[in-house]
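Spelled out, the chains give:
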Amino acid sequence: MNEPVTVKYSLEDILKKIDDKLDRMEEASTQRFEKLESKLESNQRDFEQKLDTLQKDVNQKLDSFQRDVNQKLATLQKDVTDLKGGQAKLEENVEGLTKRLDYQEFINRGVVIGLIVALLGGLAKMLGFIGNS
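*Asks:* Even after reading the chapter, I still don't get the pattern of salt bridges, so can you show me in this structure?
*Replies:* Opposite charge on two side chains permits them to pair, given that their charged atoms come into close proximity. This structure, assessed with the given rule, holds 3 salt bridges. Here K78 ties to D82 by a salt bridge, and the two come within 3.6 Å at their closest N and O atoms. Of the two residues, K78 and D82 both sit in helix α1 (residues 11-127), 4 residues apart, roughly one turn of that helix. Ionic pairing is found between E95 and K99, a salt bridge with its closest N-O pair at 3.9 Å. Of this pair, E95 and K99 both sit in helix α1, separated by 4 residues, roughly a single helical turn. According to the relative accessible area criterion, K99 is exposed, its value standing at 56%.

The structure is reproduced here in structure tokens:
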């Protein structure tokens, strides 16, 4: 009934098998980590390239935008300068027209006063206030 248990394998063989199995597992995990590290490095290079490309694109667009804004500002500045010149010419023309109008009003007043005096003189002569000489 109680027979002693006998082991057919030696402890040395079992430990060697365990050691071999652990070595294979370590090698497999090292290969997996190397593959993972390689993929990470590749992804990092791709990311850095894409980031550099994006940065260049943004810089080009900003430079283009800045050039456009500078051109528009230069155009606006030229237009403002032209408007100031036109305003000065208009002011000169208005001043000239004002002088002419003042002169015309002076002449018109003289003509109206002369006409009134002539009408009054003619009326006075007609009514006999002034005699015929």
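That shown, we press on.
*Asks:* Could you clarify how one ought to interpret a negative patch on the surface in this entry?
*Replies:* On the surface, a cluster of negative charge is contributed by D19, D23, E26 and E27. Mapped onto the elements of the fold, D23 is located in helix α1. On the accessibility criterion, D23 (39% relative accessible area) is partly exposed.

Conventions and cut-offs
- Residues numbered from 1 in each chain as written.
- Predicted model: local features only at pLDDT ≥ 70, side-chain atom pairs only at ≥ 80, totals over all residues.
- Heavy atoms only, no water.
- Salt bridge = Lys/Arg side-chain N within 4 Å of Asp/Glu carboxyl O.
- Helix = DSSP H or I, 4+ residues; strand = E, 2+ residues; numbered from the N terminus.
- Buried < 20%, exposed > 50% of the residue type's maximum accessible area, 1.4 Å probe, protein only.
- Patch = residues over 30% accessible without salt bridge, like charges linked within 9 Å, V, L, I, M, F, W, Y side chains within 5 Å.
- Areas by Shrake-Rupley, 256 points an atom, 1.4 Å probe, with all protein chains shown as cover.
- Lys, Arg positive; Asp, Glu negative; His and termini not counted.
- Charge placed at Lys NZ, Arg CZ, Asp CG, Glu CD.

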